[in-house]
Amino acid sequence: MNKLEELLGKKFPNVEITTIKNLTKKVATISKVRVGKEETRKYRDYDEISLNNIDELGYIYVPDTDKQLEPASNKSIQKQALNHCDLIMLLRGKIGKIGMIGEKYKRTIVGNTSMIRIQFTDKQKENHNPRYIMEYLSLPFVKEYIDTFIPSSGSANRRILNSEVIANLPIPVFVHNEFIILNNYLLSKIELVNKAKEIHADTQKLVDKFENLKHTNLIDAINGRYDNTIDNVSLRELDKVQSILKEVEDREFKNRESRKKLNVVQIHFDFD
């Protein structure tokens, strides 16, 4: 039993532990598509995706660009084209972002050779295995464990993760008829995180604004000018932030009450 299995046994004492390869179709490093003789490289209608472009729900998007890639091998494109719900992660450096392939793109999309691809059967997609595994791989203690398998060569960019490590990674089994509830639960948490980021951004703008006003007001006061009027616009902005905070708190309370009634979510994840 490895260290992660021991930890999972303590966190989930009544839950069966399996491996990621038992919940997926294939875990493998992405191969090149621009290979072979020039006469066999005719495919141009494709984009190469990046983990720098991930939306608020974890889906990878292709930014609008006129960039033209070198033609690819038709045979390689057929094997390496990414499909809906595939998970993509970097194999170089520490475990970082993990992205999910969306449903519709203008052109065929592929990854690059610095990525690991996790594929699923249609049945596994219906059970929401991709979302479950994506969030599981993002847990801090799981990422810390995976990082111990990445050999150090003195340079972060040269650290390579073997796809077999991901395939054989221990993971708690989740009851299949509860996957839809789990998926909705995780998405509600992602929505809360995005709301919190929105609040943080709005609040930081207000802090910057009030700091500037404070300095400006001091200069005015030194010159004998005192403006005692209330900044109603700023007050309304503060009220908006408070309203968003209240909305998040109410939503989290409703989610907790809903989970109590359903009494079906058996696994608690330490997202904090």
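Definitions and cut-offs
Residues numbered from 1 in each chain as written. Predicted model: local features only at pLDDT ≥ 70, side-chain atom pairs only at ≥ 80, totals over all residues. Heavy atoms only, no water. Core = buried A, V, L, I, M, F, W, Y, C linked by side-chain atoms within 4.5 Å. Buried < 20%, exposed > 50% of the residue type's maximum accessible area, 1.4 Å probe, protein only. Helix = DSSP H or I, 4+ residues; strand = E, 2+ residues; numbered from the N terminus. Contact = heavy atoms within 4.5 Å. Pairing = 2+ DSSP bridges. Axes fitted to C-alpha atoms, helices over the stretch in contact; angles between N-to-C directions. Salt bridge = Lys/Arg side-chain N within 4 Å of Asp/Glu carboxyl O. Phe/Tyr/Trp six-rings, centres within 6.5 Å; stacked < 30°, edge-to-face > 60°. Lys NZ or Arg CZ within 6 Å of the ring centre and 35° of its normal. Patch = residues over 30% accessible without salt bridge, like charges linked within 9 Å, V, L, I, M, F, W, Y side chains within 5 Å. Areas by Shrake-Rupley, 256 points an atom, 1.4 Å probe, with all protein chains shown as cover. Lys, Arg positive; Asp, Glu negative; His and termini not counted. Charge placed at Lys NZ, Arg CZ, Asp CG, Glu CD. pLDDT = per-residue confidence, 0-100.

**Observations concerning the nonpolar core**
- L137, I166 and L169 are the most contacted members of the largest nonpolar core, which has 36 residues in total.
- Among the elements of the structure, α1 (3–11), β7 (87–90), β8 (98–101), β10 (115–119), α4 (129–137), α5 (140–147), α6 (163–167) and α7 (179–222) are those that each provide at least two residues to this core.
- When residues in this core are grouped by element, the largest group, five residues, is from α4.
- Not counting chain neighbours up to four residues away, the residues in contact with I166 comprise I20, V27, M89, I116, I118, I146 and L161.
- Judged by nonpolar contacts, the second largest core, of nine residues, contains L51, L82, I101 and M115.

**Quick look at the sheet that holds β10**
- Pairing in this open sheet of five strands is mixed, and the strands run β2-β10-β7-β8-β5 from one edge to the other. Across the chains shown, the open sheet's two edge strands, defined by having one partner strand only, are β2 (26–29) and β5 (59–60).
- The sheet contact formed by β7 and β10 spans four bridges and is antiparallel. By the bridge assignment for β10, M89 is matched with I116.
- Helix-sheet contacts for α4 involve β5, β7, β8 and β10, and the interaxial angle to β8 is about 170°.

**Topic: unusual backbone geometry**
- Non-glycine residue C85 carries a positive phi angle of around 80°.
- Residue H128 is not a glycine yet carries a positive backbone phi of 65°.
- Relative to the helices and strands, H128 is located in the loop between α3 (122–126) and α4.

**Regarding the pattern of salt bridges**
- The final tally for this structure, using the stated rule, is six salt bridges.
- For R107, the salt bridge is made with D45, and the minimal N-O distance between the two is 3.8 Å. You can see R107 sitting in the loop between β8 and β9 (108–110) and its partner D45 sitting in the loop between β3 (41–43) and β4 (46–48), a full 62 residues away along the chain.
- R107 sits in the partly exposed class, given a relative accessible area of 21%.
- Note that K106 is salt-bridged to D64, the shortest N-O span being 3.9 Å. One end of the pair, K106, is in the loop between β8 and β9; the other, D64, is in the loop between β5 and β6 (72–73), with 42 residues separating them in the sequence.
- Salt bridges sharing partners connect three or more residues here, namely D45, D47 and R107.

**Brief notes about the packing of aromatic side chains**
- Under the criterion given, the structure shown has two aromatic pairs.
- Aromatic side chains Y43 and Y46 sit 6.4 Å apart centroid to centroid with 40° between the ring planes, which places their arrangement in the tilted category.
- Among the residues examined, Y46 registers a relative accessible area of 0% and is labelled buried.
- Lying over the aromatic face of Y59, R131 brings its terminal NZ or CZ to 5.6 Å of the ring centre.

**Some words on the pairing of β8**
- Along β8, one buried face is formed by I98 and M100 and the opposite face, lined by G99 and I101, is buried too.
- Sheet topology places β5 next to β8; two bridges connect them, and they run parallel. For Y59, the partnering residue across the bridge sits in β8 and is M100.
- With three bridges joining them, β7 and β8 adopt antiparallel strand pairing. Paired with I88 across the bridge in β8 is G99.

**What to know about a positive patch on the surface**
- A surface patch of like charges, here positive, comprises K25, K26, K75 and K79.
- You can see K26 is positioned in strand β2.

**Points about the side chain of Q119**
- Structurally, Q119 can be placed in strand β10.
- For Q119, a relative accessible area of 14% puts it in the buried group.
- Among all residues touching Q119, those that are not within four sequence positions of it are T24, K25, K26, N83, D86 and Q124.

**So, the confidence of the model for the protein chain**
- With 82% of its residues at a pLDDT of at least 70, the protein chain reaches an overall mean of 80.
- Model confidence for the protein chain, summarised as mean pLDDT per element, is weakest for helix α8 (residues 232–262) at 68 and strongest for β10 at 95.
- Contacts for the low-pLDDT stretch residues 261–272, under 50 throughout, to residues beyond four places or in other chains number 24 contacts.

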